[in-house]
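Listed below are the residues making up each chain.
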Protein chains: 2
Amino acid sequence: MFDSHAVTDLHAHAVSETYQARVASTDFENLLKRVVLRRRIVQAKQVVFRAGQPQQFIYLVHSGVFKTSLTAADGREKITGFRLRGDLLGLDSLGTPNHACDVVALDVGEVWELPIDQLRAQIPDFQDRLTAALASEIRRDWNWMLALSTLSAEQRVVAFLLDLAERLERMGFSSRQMLLRMSRADLGNFLSMQLETVVRALSRLQALGHIAIDGREICIRDRNGLQAMLDYNAALAA
Amino acid sequence: MFDSHAVTDLHAHAVSETYQARVASTDFENLLKRVVLRRRIVQAKQVVFRAGQPQQFIYLVHSGVFKTSLTAADGREKITGFRLRGDLLGLDSLGTPNHACDVVALDVGEVWELPIDQLRAQIPDFQDRLTAALASEIRRDWNWMLALSTLSAEQRVVAFLLDLAERLERMGFSSRQMLLRMSRADLGNFLSMQLETVVRALSRLQALGHIAIDGREICIRDRNGLQAMLDYNAALAA
DNA sequence: CGAGTGGTTGAATTTCTTCAAGGCTCGTGG
DNA sequence: CCACGAGCCTTGAAGAAATTCAACCACTCG
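Keep in mind that what you see is a predicted model, and the values were worked out from it rather than measured.

A.B. asks: Quick one: what's the story with the interface of chain B and chain A, residue by residue and with numbers?
C.D. replies: On the side of chain A, 40 residues touch chain B, which itself brings 40 residues to the contact. Of the roughly 3400 Å² buried where chain B meets chain A, counting both sides, 71% is carbon and sulfur surface. In this structure, the connection of chain B to chain A is made through zero salt bridges. Between the two partners, chain B and chain A, sit eight residue pairs in polar contact (both at pLDDT 80 or more). Only β5 (77–83), α4 (126–150) and α8 (223–237) of chain B provide two or more residues apiece to the side of chain B that touches chain A.

Okay, structure coming up:
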C-alpha cells in the first residue's frame, strides 16, 4: 500500500557494486550524480540521529533498512515508518533547528549526507524534489492512518506485506521472497497492535496458504489471496 | 497536542472585521500582506476541493473550520485533520498534478487561493515557509499517530480537547469555552473510535467534573485534571 | 553452558464495538 | 402553527476483537 518495509539483500553493503547494476538508481541518486557527498556507514542498531539533536543534514538512504520513531515524554513509542533505499531521513525537521524523530538502522546500511542549503543553490531541481518528497511523505502517512483505523489487525498485516513487496519490486528485488529486517515487536508497533497479534496474523496467513514463514524470511505464495483479504470490504459494500 | 480542532466563534464570517483586530494574524497572512489574492467564501458542508481534482492552488484558511479526509476505493474513510485559520489546505498535493484529499467546510469560512509558483517568485521567504509548513504537517501527523496507537479511547478524546484548546488559545480565543464544529461521528473517525465511544468518553469526563457539555459546546472546567489523565502513563512508568 | 533475545501458542480478560432503542432539535410541508 | 421526519446525540446490553499474562521453544552470544 504505502510506506513501511524491509529488504531481501542480506549483505547490501558488501555487494553494493553488484546491486548497483541490478537495482535501479533512485531519483535522488540521479539528481546527485555529480555531487560529492559524505557517505556514512551505519551498523545494525546504530543511531543515525535522535530527536532533539541539532539538524545539520538530511540523509538519503543508499542501502539498508532504517526505522524512524517518536518517543513521548512518558516513554510511549511509535515507529512512524521503515525506510529503504531512496527514502530521505530527517525531512520532518526542515524549518526547525532540531530533529523530530529517532532513526535507527535495522541492519548495516549506508546513508548520504545532504547539505540542503548547498544543494538548493547548486541543483536547480533540488528544492522542487524536496517539496515533492515532503508531500509524498504526508500522503504516505495519511494512507497508513487510513489503513490503521479502518482495517482489522489481520488486514493491516496483509497491507504491510503487500506494501513491502511492492516497494521491493520497484527497487528491482524479488517481490515474493523477502526478509523482514524488523522484529515482530517493531512490526506490531508500526501497525498499532501487540506483537502476539502480529504473530497470530502471520500464522493464520500461512495456514491459509497465502505465505510461507521462516523466521523473518517470508515468501508470498498467493498475492491475489492476500489482496482479496483487503478487497473484502469492497465486496461487503457492493 | 497537535492537529485537530474547532472554533469558538459562531459567526466568524459575519463579524470577521471585529475578530480581525482581536485575533493575531497568522504567519502566512503577514507574509502575504501586499499580495492580492482571490478569496473564496465556502458555505458549511461545501467542498473546497476533492481528491483527484487537478491541483491549481494551495489554500490558506482565513476563517472557519475545515476537515480534510481520504476515501479508499471501497469506501473506507479517514479524516486526517481539522483545519483552522492559518492552516494550509492542499500541501499534500505539491509535486503531483492532482489533489490527494477532500476538504470540506464544517461551517461558513473563507479561504485564500495561493498561486504557488507566482508566490515563490514574488516572495523570497515563501518557499522556505512552505517547506516548513510541510515538515510541520508531518510532525503533527506523527504525533497523532503516536497518540492514536498508544492512548486509550478516553485519553485520545482528552488529547483532542487539550490540543484544540491550545490551538484556539494561540489564535486568541478562549481556551475554556469552545464549540466543536464537527459531529461526534467525525470526531470518532479522526480519533479512530466509534461515535458511541466518543460520547461515552465525553460523558465520563463530564461526570468527573473536568468538562461541561452542552451539545457541541464544551467548557473545560479542569484543564489540569484532563492533563493528568494523559500523564497517567508517566506515573506508571515512574 | 547458561543467559538473553525473539518468536510462538494458549487461556483469561478487557476494551471497544455493535446493535438497539429512545430523545432532542431543527427545518419543511401540510 | 403544528406535525412529522431526518439527523444527531445519548445510553444500555450483548458480543467480538485484540490485549494481557503465562509458559515454552529456538537460537545466539559471551
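Right, picking up where we left off after that structure.
A.B. asks: Account for helix α5 (residues 153–170) of chain A, naming residues and giving values.
C.D. replies: One turn of the α-helix equals 3.6 residues, which is why residues spaced by three or four share an orientation. Residue and element names in this part refer to chain A. Relative to the 26 Å expected for 18 residues at 1.5 Å per residue, α5 spans 26 Å between its end C-alpha atoms, a close match to the ideal helical length. Counting buried positions over the 18 residues of α5 gives 14, a clear majority of the element. Positive backbone phi, approximately 100 degrees, marks Gly-172, located one or two places after α5.

A.B. asks: Quick rundown of the nonpolar core? Include the residues and the values.
C.D. replies: Across soluble globular proteins, nonpolar side chains show a tendency to be buried alongside one another. Counting 76 residues, the largest nonpolar core has Leu-114 and Phe-126 of chain A together with Leu-114 and Phe-126 of chain B as its most contacted members. If we skip the residues at most four places from it in the chain, Leu-114 of chain A touches Leu-32, Leu-37, Phe-57, Ile-58, Leu-60, Leu-88, Leu-119 and Phe-126 of chain A.

A.B. asks: Explain the relation of the copies chain B and chain A to me, using residue names and the numbers behind them.
C.D. replies: Relating one copy of the chain to the other requires a rotation about an axis plus a shift along that axis. Mapping chain B onto chain A calls for a screw motion: a turn of 180 degrees about the axis and a shift of 0.0 Å along it, with 0.0 Å RMSD after fitting. Such a turn and shift between the copies fits a two-fold axis. The share of interface residues of chain B whose copies in chain A are also at the interface is 100%, consistent with both copies meeting through the same surface.

A.B. asks: Please give an account of the protein's contact with DNA strand C that cites residues and values.
C.D. replies: Inspection of the region around DNA strand C gives 15 residues, with Arg-184 and Ser-203 of chain A together with Ala-153, Thr-197 and Arg-200 of chain B positioned closest. Those atoms of DNA strand C that come within 4 Å of the protein belong to sugar or phosphate at a rate of 64%. Within the backbone of Ala-153 of chain B, a nitrogen or oxygen atom sits 2.9 Å from a phosphate oxygen of DNA strand C. At 2.4 Å from a phosphate oxygen of DNA strand C is found a side-chain nitrogen or oxygen belonging to Thr-197 of chain B.

A.B. asks: Describe the pattern of salt bridges, and please don't skip the residues or the numbers.
C.D. replies: Residues and elements named next belong to chain A. All chains considered together, the criterion is met by 30 salt bridges over all chains. As a salt-bridge pair, Glu-29 and Arg-85 come within 2.8 Å of each other at their nearest N and O atoms. In this pair, Glu-29 is assigned in helix α2 (residues 27–31) and Arg-85 in the loop between β5 (77–83) and β6 (88–89), connecting sequence segments 56 residues apart. Just as Glu-29 is buried, Arg-85 falls in that class too. Through salt bridges that share partners, Asp-87, Arg-140 and Arg-167 make up one connected network.

Parameters at a glance
Residues numbered from 1 in each chain as written. Chains lettered and ligands numbered in written order. Predicted model: local features only at pLDDT ≥ 70, side-chain atom pairs only at ≥ 80, totals over all residues. Heavy atoms only, no water. Contact = heavy atoms within 4.5 Å. Buried area = accessible area lost by both parts, 1.4 Å probe. Salt bridge = Lys/Arg side-chain N within 4 Å of Asp/Glu carboxyl O. Polar contact = N/O pair within 3.5 Å; in protein donor to acceptor, adjacent residues only side chain to side chain. Helix = DSSP H or I, 4+ residues; strand = E, 2+ residues; numbered from the N terminus. Expected span 1.5 Å × (residues − 1). Buried < 20%, exposed > 50% of the residue type's maximum accessible area, 1.4 Å probe, protein only. Core = buried A, V, L, I, M, F, W, Y, C linked by side-chain atoms within 4.5 Å. Least-squares fit on C-alpha atoms with pLDDT ≥ 70 in both. Near = heavy atom within 4 Å.

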